[in-house]
Amino acid sequence: MDVVTNIFVGLHIIGIASLLGGFLTQMKAMSAGTARFVPAMLHGALTMLVTGIVLVGLNQAQDHTVNNIKIGIKMAVLVVILALVYVKRDEEKVAKPLFGAVGGLTVANIFIAVLWT
C-alpha cells in the first residue's frame, strides 16, 4: 500500500509543479498585462484535487491520522484556485490582481502542506 501512496504523492507533486510552473511562465506577461491561465494550470489544479482526495482516502484506509482541518483548508484554497482558473481559462488576458492571487494561493497551499505539522 505504501507504493500506491508514494505514486499518488508523486502525481500530487507533478500537479503542483504544473500549476506553479504555468504561473511562473506567465510572470513576464503579467507585468505586461497580458497574462492568461494556460491549460497546464487547470490540469495541474485538477490533478492536485483528484490525487489529494485519493491520498486522504489511502491514509484513512491505513488508519493513519489525518489532520482534517489542514486538509479542509488546503482543499478550500485549491477549490478557489480551480474555480478562478476554470472560469477565466478562455480569456485572452487576466487582470494582474486575479492572476497574482492564483499564484499567491498556490504558494500558500505549498507552505500549508510543508510547514503545518
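Higher on the page you've got the structure.
Going along each chain's sequence as written, the residues are numbered from 1 onward. The predicted nature of this model means local features are confined to residues of pLDDT at least 70 and side-chain atom pairs, given and counted, to a pLDDT of 80 or more, with totals for whole chains, interfaces and linings taken over all residues. Remark: hydrogens and water are excluded; side-chain values derive from all non-hydrogen atoms of the structure.

### Quick notes on the pattern of salt bridges
Then, in step 1: For this analysis, a salt bridge means a side-chain nitrogen from Lys or Arg found within 4 Å of a carboxyl oxygen belonging to Asp or Glu. Per the stated rule, a full pass over the model turns up 1 salt bridge.
Then, in step 2: Ionic pairing is found between Lys88 and Glu91, a salt bridge with its closest N-O pair at 3.4 Å.
Then, in step 3: Working definition: with a 1.4 Å probe on protein chains only, accessible area under 20% of the residue-type maximum means buried, over 50% means exposed, and in between means partly exposed. The exposure class of Lys88 is partly exposed, given its relative accessible area of 26%.

### Things to note about the packing of aromatic side chains
For any pair of aromatic rings, the description rests on two quantities: the centre-to-centre distance and the angle between the ring planes.
Then, in step 1: When two rings of Phe, Tyr or Trp (its six-membered ring) have centres within 6.5 Å they constitute a pair, described as stacked for plane angles under 30 degrees, edge-to-face for angles over 60, and tilted for the intermediate range. Per the counting criterion, the structure on display carries 2 aromatic pairs.
Then, in step 2: Aromatic pair Phe37 and Phe99: ring centres 5.3 Å apart, planes at 25 degrees, arrangement stacked. Here Phe37, found in the loop between helix 2 (27-32) and helix 3 (39-61), pairs with Phe99, found in helix 5 (residues 96-115); they are 62 residues apart in sequence, far enough to count as distant. With respect to burial, Phe37 and Phe99 carry one shared label: buried.
Then, in step 3: Taken together, the ring pairs connect Phe23, Phe37 and Phe99 into an aromatic cluster. Each helix is a run of H or I in the DSSP string that is no shorter than four residues. Each strand is a run of E no shorter than two, and both are numbered from the N terminus.

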